[in-house]
Amino acid sequence: MKWPVIGREEETQRILSALQPPSGPGVLITGEPGVGKTRLVDHVLDRHARTGIPVVRGAATEATRYISGLGIAGLRVVGRPPAAAFHGLSGLSRVLDEARRHASDGCPTLGRVVLCIDDVDHIDAASAAVVGDLVRTTRVTLLLTARAGARLDRPFADVCGQGPLMVLRLANLSRTVVLRLLTRVLRGPVDGLTADVLWRISRGNPLLLRRAVGIGLDTGDLSPERGVWSWRGAPGRHPLLHGLVAADLATFSPVESEALEYVALTGLLPRVTAERLAGSSTIGELADRAVVAITSSHAGADAVVMSHELQREALLARLGLLRRRQRYRELVAAAAETGVPARDDPATVLWRLEAGLDVPASQVVVASRLALASGDSALAENLARHVHDAPGAALRGQALIAQGRAAEGERLLAEHGGDLAETVALRSLNLFWGLDRPTQAQEEMARARPSEAARSADLRVADLGLGLFTRPAPPAGAAQPPESVPIAGTAPVMDQGPVNPLVADAATVLRAYRLTFRGRPAQAAEDFDRGSLRLPARWPAMRGSAAACHVNALVLAGRLREAAPLVETYYEEAVGRAEPCEVAIAGHIRGHCRMWEGRPRRALAPLREARTLVDEHTPFPLRIFLACEYAVCLAALGRAQEALEELGQVRALIPDGLSLHERLEFSRARLLAYSGRPAHAAELANRLADRYLCESRLTTGVECAYYHVRLRPSRRAAARLREAADACDSPLFQLFAEHGEALATRDGPALRGLAERFAGLGYTGLALEAVRALPGGGHAARRYLDDLADRCDGHLPPWPPPVSPRRSSSSGNVQALTSRERETCELAAAGLSNSAIAANLGVSVRTVTNLLDRAYHKLGVRSRRQLADALSLSP
């Protein structure tokens, strides 16, 4: 693999400027081992070769201190054919003379030489003085490298009166640069979570990064999935990677090592307790060296954490059982003296257990519940492991569900959870949202006693969680359930909200989804703005789902310009928490926003990343939404066959009886439209709109009705869309209705005004459609159309104007296909038989035959094989 120099553009330019005459004595590049000092020098010298100024290069090591006269070895002229390297003072004189001899006679800097010395911190004082004399008495400019913190002799601090060297401290690479570098090296996209993990492991150090990537490739943990490179598993726990930080760990003193062991064991150690154990000076020095970081704990007090997760994992791996127990006993004693954390704090309870001290089981159960309620599911699981009866197993099951380990959590709850309402509710939600078992989820809900089902907020939340996707809403005009789902802290006194903290998290998500699906996305967005809806803190999968719903509500409320930056924030936060499930959901909604912007080319990368990261930890409905959006994006980019295969895989995942099948059909309608089958797509969107609106699923009903009127404009379709939009609270839906009316009446001024309003809100693709539909056009319209197309990265709406058939040989008149003829031809071109087409359209076989005969005559074709070309259909 070739590892290019990336992210060093500014440093390169500064060094090149400092080497150009007239300039100071030169440049000193410092940085930690492996940061890329020598590699940067190589890169700079490649660029510097254009100046014609010769370069002499050598290196200093511990051994070169004993070379007579000058402690520099391997001196040679850069760019000259290989020859014997020179050493010492005499060697330096010879190589400088050779460099000047080979310099271009026409070079304006004739006689000037750049002397490059690697690892100059190994040079002794006498050698430093010789180099200083060269700078003072000859035309020599220095380019030096040294490790950070090295003490250089005075001649390098102020080179013989010529002024100080320009010191350039080379920092580690940022996460953004690491992502760019990995993409170049691996020759393909890398998911954001993998890039973040590798950045954290290596701390942005290029040498450590290169070794970590090599280990991942050798073990197969780093591999491409759907064209995206991902690291599966927990990289920080890989034994081979621990060797990358072994040298760092060996540099710590015994006192520092003990301090780091306390921090590594606890993960987050209150600062007052850490200073009690190791001393404030030790903690302060480790913080100054960025080995540990000072942060805030959940209680708001200062706490100490390891700066580098890989160092923490390596420390934990080498701690034996007896040493661990001793460290935990010391932690318990220090906490008792400082009072931080408190004796009944979940962290302190775990320390006492790990120290081998007696703790009542009831206290452990309470501590585990507190940890789960505070969002620390890993701590809750560790505590629950020390309770060996049913309550402990049930708590472990809940903690595992919170971590996305749905199957393990369900097994424990099924065996030990009992029939409490909160357990039944959580199992039902987990069976459907986590494990895709709607039938079992409904059976579990049926176990609840009717009296409990009426009173339990937990069961009502679970019932809503199933109802959103397993059955249609009540018909319009029927009695509607209350819009609010009980949320802890906001319910009336008679109903205190869900008892189980995970069910409470689900309640927030389900209320947001319900508002969004039922035609009230603007209210959902406002509720998030006001804080009455907040991202859950305890269940990462639900937190990601809520974030997706927040962004989607903004998009559907006409606030795309607010949604776009917000989704980037959610994505960065998910990556920072290293939660694959959240990153997958955030990646999906990033792509979703770009699709609404009319930029499918830019949507593909985040959607493909999300498709790569999605797994059994991702909530089941979100898996379906993600895969459908990915398929539509592929179709929008002309990859219809891949899109069709993707939808086929999704179809196999959805059990019978779920309303998610309609979501899949809507995606199929969009796929058909993008693949050049607008008549078929319009008919499907029409049927879906009727079904959704009849069942009061207003939001998706509006989307389907809007697609229908865009593909097949008519006053009737526009009237249905207007009625549905008026029943919702979204300003964007009002624009949809106006767009439909303008298309149906071919109102040019209205279309132009709508295009400007869509573009102003960020919906550039819809603006482009409105401009393309302008009757007559003109130069101004064409220029505006080109501008919008550029903003959509060249992507144009796929639905073409009606087919222009060949002229009839008998009459010479041009006859257009009817929408039904067009749809029949599209199905025939797809390979369906007449009987299959009849079944699909709900007509007789004879009607299909007649429709095809008339279409053949209008198009001037004689067989199905010619239809695709005549209709300009994609394969």
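Residues numbered from 1 in each chain as written. Predicted model: local features only at pLDDT ≥ 70, side-chain atom pairs only at ≥ 80, totals over all residues. Heavy atoms only, no water.

**Some thoughts on the overall build of the chain**
In plain terms, the rule: Only DSSP runs of H or I reaching four residues or more are called helices, and only runs of E reaching two or more are called strands; each is numbered from the N terminus. A 1.4 Å probe rolled over the protein chains alone gives each residue an accessible area, and that area as a share of the maximum for its type sets the label: buried under 20%, exposed over 50%, partly exposed in between. Any two residues having at least one pair of non-hydrogen atoms within 4.5 Å are treated as being in contact. Where accessible areas are quoted, they stem from the Shrake-Rupley method and a 1.4 Å probe; at the residue level, only the protein chains shown are allowed to cover.
Helix and strand counts for the chain stand at 44 helices and eleven strands. Counting across all 875 residues of the chain, residues that qualify as buried make up 54%. Looking at the chain alone, contacts between residues at least 24 apart form 65% of all its contacts between residues at least 6 apart. Carbon and sulfur atoms form 51% of the exposed surface of the chain, whose accessible area is close to 37,600 Å².

**Digging into the confidence of the model for the chain**
Applied cut-off: The predictor's confidence in any single residue is recorded as pLDDT, a number from 0 to 100.
Looking at the chain as a whole, its pLDDT mean stands at 85, while 87% of the residues score no less than 70. Between the elements of the chain, mean pLDDT differs from a low of 52, seen in helix α5 (residues 154-157), to a high of 97, seen in helix α16 (residues 346-354). Segment residues 473-495 is flagged for pLDDT under 50; beyond a separation of four residues in sequence, or across chains, it makes 48 contacts in the model. Under a pLDDT of 50 for its full length, residues 800-814 has, in the predicted model, 18 contacts with residues more than four places off or in other chains.

**Things to note about unusual backbone geometry**
In this chain, valine 340 is followed by proline 341 through a cis amide linkage whose omega measures -5°. On the secondary structure map, proline 341 appears in the loop between α15 (321-338) and α16. Even without a glycine there, the phi angle at alanine 290 is positive, about 65°. Inspection of the secondary structure puts alanine 290 in the loop between α13 (280-288) and β10 (292-296).

**Remarks on the side chain of threonine 612**
Just so we agree on the cut-off: Polar contact criterion, stated in full: a pair of N or O atoms within 3.5 Å, where within protein one must be able to donate a hydrogen and the other to accept it, and residues adjacent in sequence count only if both atoms are side-chain atoms.
Along the chain, threonine 612 falls in helix α30 (residues 600-613). You can call threonine 612 buried: its relative accessible area is 2%. A distance of 3.1 Å separates a polar side-chain atom of threonine 612 from the backbone oxygen of glutamate 225.

**A closer look at the packing of aromatic side chains**
Just so we agree on the cut-off: Think of it this way: a Phe, Tyr or Trp ring, Trp meaning its six-membered ring, pairs with another when their centres are within 6.5 Å, and the plane angle makes it stacked under 30 degrees, edge-to-face over 60, tilted otherwise.
Enumeration over the complete set of coordinates arrives at 14 aromatic pairs. On the basis of an interplanar angle of 35° and a centroid distance of 6.1 Å, the ring pair of phenylalanine 432 and phenylalanine 469 is categorised as tilted. A residue pair is termed long-range when its members are at least 10 positions apart, and phenylalanine 432 in helix α21 (residues 421-434) and phenylalanine 469 in helix α24 (residues 457-470) qualify at 37 residues. Here the two residues phenylalanine 432 and phenylalanine 469 agree in accessibility, since each one is buried. With a centroid separation of 5.5 Å and 65° between ring planes, the pair formed by tyrosine 513 and phenylalanine 517 is classed as edge-to-face. One end of the pair, tyrosine 513, and the other, phenylalanine 517, are both in helix α25 (residues 501-517), four residues apart, so they sit about a helical turn from each other. Each of the two residues, tyrosine 513 as well as phenylalanine 517, counts as buried.

**A closer look at the pattern of salt bridges**
Applicable threshold: The term salt bridge refers to a pairing of a side-chain nitrogen on Lys or Arg with a carboxyl oxygen on Asp or Glu at a separation within 4 Å.
All chains considered together, the criterion is met by 60 salt bridges. The salt bridge involving aspartate 121 is made with arginine 147; its shortest N-O contact spans 3.5 Å. Of this pair, aspartate 121 sits in the loop between β4 (113-118) and α4 (125-137) while arginine 147 sits in strand β5 (residues 140-147), placing them 26 residues apart in sequence. Here aspartate 121 falls in the buried class, since its relative accessible area comes to 12%. Note that arginine 385 and glutamate 381 form a salt bridge whose closest N and O atoms lie 2.7 Å from each other. The exposure class of arginine 385 is partly exposed, given its relative accessible area of 41%. Residue classification places glutamate 381 among the buried positions, given a relative accessible area of 6%. A single network of salt bridges, built from pairs that share partners, joins Glu258, Glu261, Arg323, Arg327 and Glu330.

**A word on the environment of isoleucine 215**
Counting through the fold element by element, isoleucine 215 comes out in helix α8 (residues 206-219). What makes isoleucine 215 buried here is its relative accessible area of 12%. With 23 residues separating them along the chain, isoleucine 215 and histidine 238 place their C-alpha atoms 9.3 Å apart.

**As for α25**
Rule in force here: Here the expected length of a helix is defined as 1.5 Å per residue gap, with one fewer gap than residues.
Look at α25: 25 Å from first C-alpha to last across 17 residues, which is about the 24 Å you get at 1.5 Å a residue. Among the 17 residues that make up α25, 17 are buried, leaving the element largely enclosed by the rest of the structure. The N-terminus of α25 is capped by asparagine 500, whose side-chain oxygen sits 2.8 Å from the backbone nitrogen of leucine 502. With its phi angle positive at about 90°, glycine 519 sits one or two positions after the end of α25.

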